[in-house]
Amino acid sequence: MEITNVSEYEAIAKQKLPKMAFDYYASGAEDQWSLAENRNAFSRILFRPRILIDVSKIDMATTVLGFKISMPIMIAPTAFQKMAHPEGEYATARAASAAGTIMTLSSWATSSVEEVASTGPGIRFFQLYVYKDRHVVAQLVRRAERAGFKAIALTVDTPRLGRREADIKNRFTLPPFLTLKNFEGLDLGKMDKANDSGLASYVAGQIDRSLSWKDVKWLQTITQLPILVKGVLTAEDARLAVQAGAAGIIVSNHGARQLDYVPATIMALEEVVKAAQGRVPVFLDGGVRRGTDVFKALALGASGIFIGRPVLYSLAAEGEAGVRKVLQMLREEFELTMALSGCRSLKEITRDHIVTDWDIPQPPRPFPRL
């Protein structure tokens, strides 16, 4: 069967993967309301396309933290990629590089920062979980810097792991042939079997619940790399992130895997963008499956988007070629959406190109003089 859109990879991944692995990737927290909402919310945003604009040339290029990329579509950090495919993070890194975009490597990758760097050139960010042992954190950040990673994406929504009932039922643990490669030498690379989710037990034992804004400041004392705060959903926290010296904000609900009944990220985006007041770029993570979704996020003020599950599903289905295809499909769909909306560059995408549920009806405007 020919694959014609990103969502079709999910069913293929489900067929190919062991149940424990697929469920780990696919599930959300508790009732999974936010999981469905991350997708559904996009359907409540409609287009106001502009016509009769010369769209023979379309430029999707942009810069993120000063790094030039081919399109505003980047790869979010996702853990344990070798559970999806033997090449795991290597394949994802090569696909991102080929597409001219950014890959974010998870702290809980099944390949180390050094191994991913060895795949060749590419702009890469490193997602960081803050462990109770700060020496571990400092060491990891230094290794990412040395390996040529360009930014730290600090995950701030996980003082404890969300309740993911599929993982509890499956007694989720990392397959015996895999380790958390970044922690292998520190005796933190193995995850024990537990009475519920092995990952939940690991997080309870290792991840620092006391993490606060002062730690964002501390992180800036140990690294020169820009810090993106990942997991912001409110205006209040957006303002605090800017005050704390964040270089950017990623609006994320952790793939709806932490607190259920939080809004879809596309619903929280505008509030965060307004609060940031243009002082730092704001990115969207969560629910993007179509080029139309990318356009909607940019129209609401995002500087770019990150995709997570589509990478895992396509990786499981077709390895590196699958991830390349997902990036290519999203790129082509986004370009088409721009053309049909009358936008030739990202700066031409405005709030006026969409209408949302929460918009107040506009009074009729006077006719323009031609």
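Since we're looking at a predicted model, the values are computed, not measured.

Asker: Give a description of the overall build of the protein that names residues and reports values.
Answerer: Regarding its fold elements, the protein presents 13 helices and 12 strands. The C-alpha radius of gyration computed for the protein amounts to 20 Å, which stays within 12% of the reference 21 Å derived for 370 residues, consistent with globular compactness. In terms of principal-axis extent, the alpha carbons of the protein reach across some 70 × 50 × 40 Å. Considering the protein as a whole, with its 370 residues, one finds that 56% of them fall into the buried category. When contacts within the protein are restricted to residue pairs at least 6 apart in sequence, those whose partners lie at least 24 apart make up 72%. When the accessible surface of the protein is totalled, it reaches about 16,400 Å², and 53% of it is carbon and sulfur. Side chains of the protein carry 46 positive and 40 negative charges; the gap between the two charge centres is 2 Å.

Asker: I'd love a proper account of the side chain of Ser345, names of residues and values included.
Answerer: Looking at the element boundaries, Ser345 is found in the loop between α13 (309-341) and β12 (354-356). In this structure, Ser345 is in contact with Asp59 and Met338, ignoring residues within four places of it in sequence.

Asker: Break down the packing of aromatic side chains for me, citing the residues and quoting the values.
Answerer: What the rule picks out here adds up to 13 aromatic pairs. Ring geometry for Trp33 against Tyr261: centres 5.6 Å apart, planes inclined by 15°, an arrangement best described as stacked. You can see Trp33 sitting in helix α3 (residues 33-40) and its partner Tyr261 sitting in the loop between β9 (248-251) and α11 (265-276), a full 228 residues away along the chain. Arranged with centres 5.4 Å apart and planes meeting at 80°, the rings of Phe47 and Phe295 form a pair that is edge-to-face. Residue Phe47 is located in strand β1 (residues 45-47), and its partner Phe295 is located in helix α12 (residues 291-299); the two are separated by 248 residues in the primary sequence. The partly exposed category is assigned to Phe47, whose relative accessible area is 30%. Given the relative accessible area of 0%, Phe295 is considered buried. One aromatic cluster is present, formed by Trp108, Tyr129, Tyr131, Phe183 and Tyr202 through successive ring pairs. The ring of Tyr24 has Arg257 lying over it, and the distance from NZ or CZ to the ring centre is 4.7 Å. The ring of Phe47 carries the charged tip of Lys296 above its face, separated from the ring centre by 5.3 Å.

Asker: So what about the pairing of β9? Which residues, and what values?
Answerer: On a regular strand, each side chain points to the face opposite its neighbour's, so the side chains alternate between the two faces of the sheet. Of the two faces of β9, the one holding Gly248 and Ile250 and the one holding Ile249 and Val251 are both buried throughout. One ladder, built from four bridges, connects strand β8 (residues 227-232) with β9; its direction is parallel. Its bridge partner lying in β9, Val229 is registered against Ile249. Note on the crossover from β8 through helix α10 (residues 235-243) to β9: the handedness is right-handed. Of the crossover connections in this fold, the one passing from β9 over α11 to the parallel strand β10 (residues 282-285) is right-handed.

Asker: Report on the pattern of salt bridges, specifying residues and quantitative values.
Answerer: Within this structure, the stated rule accounts for 17 salt bridges. Among the salt bridges present, the one from Asp293 reaches Arg39, with a minimum N-O distance of 3.1 Å. Linking Asp293 in helix α12 with Arg39 in helix α3, this pair joins segments that are 254 residues apart in sequence. Relative accessible area serves as the criterion here: at 30%, Arg39 is assigned to the partly exposed category. The closest approach of N and O atoms between Arg163 and Glu165, which form a salt bridge, is 3.4 Å. What emerges from the salt-bridge pattern is a single network uniting Glu87, Arg94, Glu320 and Arg324.

Asker: Could you give me a rundown of the UniProt feature "active site" (unreviewed entry) in the protein, with the residues and numbers involved?
Answerer: According to UniProt, the feature "active site" (unreviewed entry) maps to His254 in the numbering used here. Within the secondary structure, His254 is located in the loop between β9 and α11. Under the relative-accessibility criterion, His254 is labelled buried at 11%. Excluding residues that lie within four positions of it along the chain, His254 makes contacts with Tyr129, Thr155, Asp157, Thr158 and Arg164. Engagement of the side chain of His254 in a polar contact is seen with the side chain of Thr158, the distance being 3.2 Å.

Asker: Hey, could you go over the pairing of β10 for me, with residue numbers and the actual values?
Answerer: Of the two faces of β10, the one holding Val282 and Leu284 and the one holding Phe283 and Asp285 are both buried throughout. Judged from the three bridges that link them, β9 and β10 form a sheet pairing that is parallel. When the sheet's bridge partners are listed, Ile250 is paired in β10 with Phe283. Across three bridges, the pairing between β10 and strand β11 (residues 304-307) is parallel. Residue pairing in the sheet places Leu284 in a bridge with Ile305 of β11. One crossover worth recording links β10 to the parallel β11 by way of α12, and it is right-handed.

Asker: Which residues make up the packing of helix α6 (residues 134-146) against helix α9 (residues 213-222), and what are the values?
Answerer: Here α6 crosses α9 at 50°, and the two axes come no closer than 11 Å. With respect to their mutual orientation, α6 and α9 come out oblique. Seen along the crossing, α6 lies across α9 with a hand that is right-handed. Residue-level inspection shows Arg134, Val137, Ala138, Val141 and Glu145 of α6 in contact with α9, the latter providing Asp215, Trp218, Leu219 and Ile222. When its residues are assigned to classes, the contact of α6 with α9 shows six nonpolar, no polar and three charged.

Procedures and definitions
- Residues numbered from 1 in each chain as written.
- Predicted model: local features only at pLDDT ≥ 70, side-chain atom pairs only at ≥ 80, totals over all residues.
- Heavy atoms only, no water.
- Helix = DSSP H or I, 4+ residues; strand = E, 2+ residues; numbered from the N terminus.
- Rg over C-alpha atoms; globule rule 2.2 N^0.38 Å.
- Buried < 20%, exposed > 50% of the residue type's maximum accessible area, 1.4 Å probe, protein only.
- Contact = heavy atoms within 4.5 Å.
- Areas by Shrake-Rupley, 256 points an atom, 1.4 Å probe, with all protein chains shown as cover.
- Lys, Arg positive; Asp, Glu negative; His and termini not counted.
- Charge placed at Lys NZ, Arg CZ, Asp CG, Glu CD.
- Phe/Tyr/Trp six-rings, centres within 6.5 Å; stacked < 30°, edge-to-face > 60°.
- Lys NZ or Arg CZ within 6 Å of the ring centre and 35° of its normal.
- Pairing = 2+ DSSP bridges.
- Right-handed = clockwise from strand over helix to strand, strands pointing away.
- Salt bridge = Lys/Arg side-chain N within 4 Å of Asp/Glu carboxyl O.
- UniProt positions renumbered as here; feature names shortened; annotations may be inferred.
- Polar contact = N/O pair within 3.5 Å; in protein donor to acceptor, adjacent residues only side chain to side chain.
- Axes fitted to C-alpha atoms, helices over the stretch in contact; angles between N-to-C directions.
- Parallel < 35°, antiparallel > 145°, perpendicular 65-115°, else oblique.
- Left-handed = near helix turned anticlockwise from the far one by under 90°.
- Nonpolar A, V, L, I, M, F, W, Y, C, P; charged D, E, K, R; others polar.

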